[in-house]
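Residues per chain are reported as follows:
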Amino acid sequence: MDLPEKIENLSLNNAQNSTQTKREDYIGWKEYFMAIAFLAAKRSKDPSYQVGACVVNKENKILGIGYNGFPIGCNDDDFPWGKNTPSPLDSKFLYVCHAEMNAILNKNSADLNNCTIYVSLFPCNECAKIIIQSGIREVVYLSDEKAHKPMYIASKKMFDAAGVNYWQFIPKNDTIVIKFT
Ligand SMILES: [Zn+2]
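Residues numbered from 1 in each chain as written. Predicted model: local features only at pLDDT ≥ 70, side-chain atom pairs only at ≥ 80, totals over all residues.

Trainee: Summarise the overall build of the chain; cite the residues concerned and give the values.
Mentor: Each helix and strand in the chain was counted, giving five helices and five strands. In the chain, the succession of α and β elements from N to C terminus is α-α-β-β-α-β-α-β-α-β. Relative to the compact-globule value of 16 Å for 181 residues, the chain shows a C-alpha radius of gyration of 22 Å, a clear excess of over 25%. Considering only C-alpha atoms, the chain reaches an extent of 85 × 40 × 35 Å along its principal axes. Of the contacts formed within the chain by residues at least 6 apart in sequence, a portion of 62% connects residues at least 24 apart. (Helix = DSSP H or I, 4+ residues; strand = E, 2+ residues; numbered from the N terminus. Rg over C-alpha atoms; globule rule 2.2 N^0.38 Å. Contact = placed C-beta atoms within 7 Å.)

Here it is in C-alpha cells:
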C-alpha cells in the first residue's frame, strides 16, 4: 500500500469511528458515588451494620471515603463487636468510628466546604455534628430505617437549623455488578 492509499484508509476509519455513539448503560454520578459508599462498606468488619460514606465536591471529585470501624491501632480482633453486653465497655458502641467520621477525617483536601456526603444509612446525631462542622452542605442517603430513633430525629433537627440539605437517593437498579474478568 503506497502512502496516499494509506491516508485514504485512515480517514475512512476515522469517519466510521466518528459515527459511533456513546454507551447508554453507563452509571450516573449519583449512582457512582453511592456505589462507592457501598463498596467502602464492604471493608467493614462489623457483623451487624456495614456503612459506607463518600464525600464529593461540586466538581464531582471525591475528597474522602470511609466505613465504620475501630480507630487506628485498636485491633479488630481485640475490641468487641457485640451490642447487648452487661458492661458498655464490652460492646462496640464506645469504640467504633462511623463511616461519615472516617470519610471526613480521611479527606485529601484542606476543607470540605460546600461538599456533598453520600451515605448508605442516614447519619446519627454525632456524625451530623461532624458533617455540619466540616462545612458539608448536602447529605444524600439511601436508607433511613432508623428515622424513628431520637438520635436520628436530632440529626434532622440540626441539619434543618444549620441549613444542610438532605434527600434520599432512589437507585434506578438495585444492583451494580463488578466483574474482574
Ligand atoms: Zn454516626
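The rest of the description comes next.
Trainee: Report on the environment of Tyr152, specifying residues and quantitative values.
Mentor: Here Tyr152 is to be found in helix H5 (residues 150-162). Apart from residues no more than four positions distant in its own chain, Tyr152 is found in contact with Phe122, Cys124, Lys146 and Ala147.

Trainee: Describe unusual backbone geometry, naming the residues involved and giving the relevant values.
Mentor: With a phi close to 60 degrees, Asn60 is a non-glycine residue in the positive phi region. Within the element layout of this structure, Asn60 appears in the loop between strand S1 (52-56) and strand S2 (62-67). The exposed category is assigned to Asn60, around which 11 C-beta atoms lie within 10 Å. You will see that Asn114, though not glycine, has its phi angle at about 65 degrees, which is positive. With respect to the element layout, Asn114 can be found in the loop between helix H3 (99-105) and strand S3 (116-121). (Buried ≥ 20, exposed ≤ 12 C-beta atoms within 10 Å, placed from the backbone.)

Trainee: Describe the nonpolar core, and please don't skip the residues or the numbers.
Mentor: A general feature of soluble globular proteins is that nonpolar side chains tend to end up buried together. Ranked by size, the top nonpolar core spans 31 residues in total, and within it Ala37, Ala53, Cys54, Val55, Ile117, Tyr118 and Val119 carry the most contacts. Elements represented by at least two residues in this core include exactly helix H2 (29-41), S1, S2, H3, S3 and helix H4 (125-134). The element best represented in this core is H2, accounting for five residues. Beyond its immediate stretch of four places on either side in the chain, Cys54 contacts Phe33, Ile36, Ala37, Ala40, Ile62, Ile65, Ala103 and Tyr118. (Core = buried A, V, L, I, M, F, W, Y, C linked by C-beta atoms within 7 Å.)

Trainee: Describe the UniProt feature "active site" (unreviewed entry) in the chain, listing the residues and the values that go with them.
Mentor: The positions that UniProt labels "active site" (unreviewed entry) are, in the present scheme, Glu100. Among the secondary structure elements, Glu100 is positioned in helix H3. The buried category is assigned to Glu100, around which 30 C-beta atoms lie within 10 Å. Setting aside chain neighbours within four positions, we find Glu100 in contact with Ala53, Gly66, Ile117, Val119, Pro123, Cys127, Ile130 and Ile131. (UniProt positions renumbered as here; feature names shortened; annotations may be inferred.)

Trainee: Describe the UniProt feature "binding site: Zn(2+)" (unreviewed entry) in the chain, naming the residues involved and giving the relevant values.
Mentor: Under the UniProt annotation, "binding site: Zn(2+)" (unreviewed entry) lies at His98, Cys124 and Cys127. Their sequence span is 30 residues, while the largest C-alpha to C-alpha distance among them is just 8.9 Å; these annotated residues converge on one region. Discounting residues that sit within four places of it in the chain, His98 has contacts with Val51, Asn68, Cys124 and Cys127. Within the secondary structure, Cys124 is located in the loop between S3 and H4.

Trainee: Can you break down the sheet that holds S1 residue by residue, with the values?
Mentor: Across a sheet, strands are paired by hydrogen bonds formed along the backbone, either parallel or antiparallel in direction. With mixed pairing, the five strands of this open sheet are ordered in space as S2-S1-S3-S4-S5. Both edges of this open sheet fall to S2 and strand S5 (165-168), since each of them pairs with a single strand only. Shown here is a sheet whose adjacent strand axes are inclined to one another by a mean of 15 degrees, direction ignored. Across five bridges, S3 lies against strand S4 (residues 138-143) in parallel orientation. Its bridge partner being in S4, Thr116 is matched across the sheet by Glu138. (Pairing = 2+ DSSP bridges. Axes fitted to C-alpha atoms, helices over the stretch in contact; angles between N-to-C directions.)

Trainee: Provide a residue-level description of the pairing of S1, including the pertinent values.
Mentor: The element S1 is extensively covered by neighbouring structure, given that five of its five residues are classed as buried. On S1, burial covers both faces: Gly52, Cys54 and Val56 on one face and Ala53 and Val55 on the other are all buried. In sequence, S1 turns back onto S2 through a hairpin of five residues, with Asn60 there showing a positive phi of about 60 degrees. Across four bridges, the pairing between S1 and S3 is antiparallel. Paired with Cys54 across the bridge in S3 is Tyr118.

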